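Okay, here's what each chain looks like letter by letter:
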Amino acid sequence: MKILVINGPNINMLGLREPDIYGRETYETLLVKIEKWAKELGCEVECFQSNHEGDIVDKIQASYGKFDGIVINPAAYTHTSVAILDALKAVAVPAVEVHISDVTQREDFRQISYAGMACCEHIIGKGTDGYRLAMEFLCKM
Ligand code: DQA
């Protein structure tokens, strides 16, 4: 089982960024945890982060035939990007949407998730543990 974990814009700023919303754990710490969880679950994992929508689309396209599942937190692009939605639909690799914060309780503009429309599971508001839950979900599929 090979899982690709994709994080969108500003997720690399975890720890510094609005800690009341996203916590104090850094992106580097999250990467270490994801590697540890992959070992525990017996799967392979690759992590990718970009602040650029096109780079995320390219990475999703490149996942075709290489990965069995995608964990994706498209961050702000969640609420704007039809291109990421279309890329996920194009490759049809099973994908799980993750949000660290509980977007359902936040601003109106966060209530739509385009990428989520192509995902088979949604893990929202569980902090960074959400990535582990998403990986577990894919491994059980
Ligand atoms: C987020 C929620 C998004 O609305 C926001 O733009 C982010 C992070 C989350 O993980 O809670 O950057 O995806």
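Here the structure is shown first, and the text comes after it.
Moving on, we get to empty space enclosed by the protein. Within the structure shown, the criterion is met by 1 cavity of 30 Å³ or more. In this structure, the largest cavity occupies an estimated 120 Å³ of space. Along the walls of the largest cavity sit 13 residues, with Tyr-22, Ala-75, His-99, Ser-101 and Arg-106 positioned nearest its centre. For the lining of the largest cavity, the class distribution of residues is 6 nonpolar, 4 polar and 3 charged.

Taken together, Arg-17, Tyr-22, Asn-73, Ala-75, Ala-76, His-79, His-99, Ile-100, Ser-101, Val-103 and Arg-110 make up the full set of residues adjacent to the ligand. At a separation of 2.6 Å, an oxygen atom of the ligand approaches a polar side-chain atom of Ser-101. For the ligand, whose accessible area on its own is 320 Å², the fraction buried by protein is 98%. Applying the majority rule of atoms within 2 Å of the grid points places the ligand in the largest cavity.

Parameters at a glance
Residues numbered from 1 in each chain as written. Predicted model: local features only at pLDDT ≥ 70, side-chain atom pairs only at ≥ 80, totals over all residues. Heavy atoms only, no water. 1 Å grid on protein atoms, 1.4 Å probe; cavity = no way out; pocket = protein on both sides within 12 Å on 5 of 7 lines; lining within 4 Å. Points joined across faces, edges and corners; volume = space filled by probe spheres on them. Nonpolar A, V, L, I, M, F, W, Y, C, P; charged D, E, K, R; others polar. Near = heavy atom within 4 Å. Polar contact = N/O pair within 3.5 Å; in protein donor to acceptor, adjacent residues only side chain to side chain. Areas by Shrake-Rupley, 256 points an atom, 1.4 Å probe, with all protein chains shown as cover. Sits in = over half its atoms within 2 Å of the grid points.

Spatial relationships are all this shows, so hold off on functional conclusions.
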